[in-house]
Amino acid sequence: MAAGRQGGQRLVDAARLLTCPEHGDERRGHDERVGVVDVTVVTQDAWTTEPGISLGGKGSTTTYGFDLKEKDFLGTGRQLSLAHASGTQRSTSVVEYMDPNLLGPYWSGDIAYADNSDGYEERVEIARPFVSFLDPRAVDVLIDHLTQNDQIYQDGDTYARFRQRHFDALARYTLAL
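What this report covers is the structure whose coordinates are included nearby.

**Looking at the environment of Val-139**
With respect to the element layout, Val-139 can be found in strand β9 (residues 137-154). Sequence separation between Val-139 and Trp-107 is 32 residues, and the spatial gap between their C-alpha atoms is 8.8 Å. Setting aside residues up to four positions removed in sequence, Val-139 forms contacts with Trp-107, Ile-126, Ala-127, Arg-128, Arg-172 and Tyr-173.

Below, the structure is given as structure tokens:
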């Protein structure tokens, strides 16, 4: 770690980022002597696999869904989730991958693909949030592509069909003053 006046703050920031509160980790920092920072990291086991299921009905149609999310994929801190839902107008299957260190420390990534009964969606996001008072910048890049086939009904029959294509992009750089 960096030495000097800012070294202690950098060490405390590093300890804060080493652990993940949603996994049940706890972190504490305290000064032992002037100029020396001792950081104790205490962890505990927690369930990281989250299964989900839903079942319902609307009129004479049965709706259902299930998902499986692994919040610590292969012990790496990465998240992988699979989901499927069937509703009254659409069925959706989604695969999503989230990596808290995609391009290195502090750079997170979120990649998702959804295959819908009426189209598909692809999304990629790369972000670097504010992580310390000593590094006051944040970056966010998002690309989202959606293709959807829609229908308009009249008297219970399909009256018209059309396709929507949306492409959204976001690039943001933020500097704290």
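From this point on, the discussion continues.
**Structural notes on the pattern of salt bridges**
Under the defined criterion, the tally for this structure stands at eight salt bridges. The partner of Arg-78 in a salt bridge is Asp-99, and the shortest N-O contact between them spans 2.7 Å. Here the residue Arg-78 occupies a position in strand β5 (residues 78-86), and Asp-99 occupies one in strand β6 (residues 91-99), the gap between them amounting to 21 residues. Taken together, the salt bridges that share partners define one network made up of Glu-96, Asp-110 and Arg-123.

**Considering unusual backbone geometry**
The phi angle at Leu-74 is positive, at roughly 55 degrees, despite the residue not being glycine. Residue placement: Leu-74 occurs in the loop between β4 (61-73) and β5. The exposure class of Leu-74 is exposed, given its relative accessible area of 72%. The phi torsion at Asp-155 lies on the positive side, around 55 degrees, for a residue other than glycine.

**Some remarks on the side chain of Arg-128**
Tracing the backbone through its elements, the reader meets Arg-128 in strand β8 (residues 119-128). There is a polar contact of 2.5 Å between the side chain of Arg-128 and the side chain of Asp-135. Those residues in contact with Arg-128 that sit more than four places away from it in its chain are Tyr-106, Trp-107, Asp-135, Arg-137, Ala-138 and Val-139.

**Some points on the side chain of Asp-118**
Mapped onto the elements, Asp-118 comes out in the loop between β7 (108-116) and β8. Given the relative accessible area of 11%, Asp-118 is considered buried. The residues touching Asp-118, leaving out its near neighbours within four places in the chain, are Arg-90, Thr-147, Gln-148, Asn-149 and Asp-150.

**A few points about a nonpolar patch on the surface**
A cluster of nonpolar side chains, namely Ile-111, Val-124, Val-141, Ile-143 and Phe-167, defines an oily patch on the protein surface of about 410 Å² accessible area. Checked against the element boundaries, Val-141 lands in strand β9. For Val-141, a relative accessible area of 35% corresponds to the partly exposed category.

**A word on the sheet that holds β5**
Sheet architecture is open: eight strands sit in the order β3-β4-β5-β6-β7-β8-β9-β10, paired in antiparallel fashion. Of all the strands in the sheet, just β3 (49-58) and β10 (157-175) have a single pairing partner and so form its edges. Strand-to-strand twist across the sheet, computed as the mean angle between neighbouring axes with direction ignored, equals 10 degrees. Across eight bridges, β6 lies against β7 in antiparallel orientation. Across the sheet, Thr-92 pairs through a bridge with Asn-116, a residue of β7.

**As for the pairing of β9**
Bridge analysis of β8 against β9 gives 10 bridges, and the strand direction is antiparallel. In the sheet register, Glu-121 faces β9, and the bridge partner there is Leu-146. Taking the residues that link successive antiparallel strands as the turn, the β9-β10 hairpin has two residues, and the phi of Asp-155 there is positive, at about 55 degrees.

**Re the packing of aromatic side chains**
Evaluated as defined, the whole model comprises one aromatic pair. When the centroid spacing of 6.5 Å and the interplanar angle of 25 degrees are considered together, the rings of Tyr-113 and Tyr-120 count as stacked. On the basis of relative accessibility, which here comes to 38%, the residue Tyr-113 falls in the partly exposed class. For Tyr-120, a relative accessible area of 28% gives the class partly exposed.

About the cut-offs
Residues numbered from 1 in each chain as written. Predicted model: local features only at pLDDT ≥ 70, side-chain atom pairs only at ≥ 80, totals over all residues. Heavy atoms only, no water. Helix = DSSP H or I, 4+ residues; strand = E, 2+ residues; numbered from the N terminus. Contact = heavy atoms within 4.5 Å. Salt bridge = Lys/Arg side-chain N within 4 Å of Asp/Glu carboxyl O. Buried < 20%, exposed > 50% of the residue type's maximum accessible area, 1.4 Å probe, protein only. Polar contact = N/O pair within 3.5 Å; in protein donor to acceptor, adjacent residues only side chain to side chain. Patch = residues over 30% accessible without salt bridge, like charges linked within 9 Å, V, L, I, M, F, W, Y side chains within 5 Å. Areas by Shrake-Rupley, 256 points an atom, 1.4 Å probe, with all protein chains shown as cover. Pairing = 2+ DSSP bridges. Axes fitted to C-alpha atoms, helices over the stretch in contact; angles between N-to-C directions. Phe/Tyr/Trp six-rings, centres within 6.5 Å; stacked < 30°, edge-to-face > 60°.

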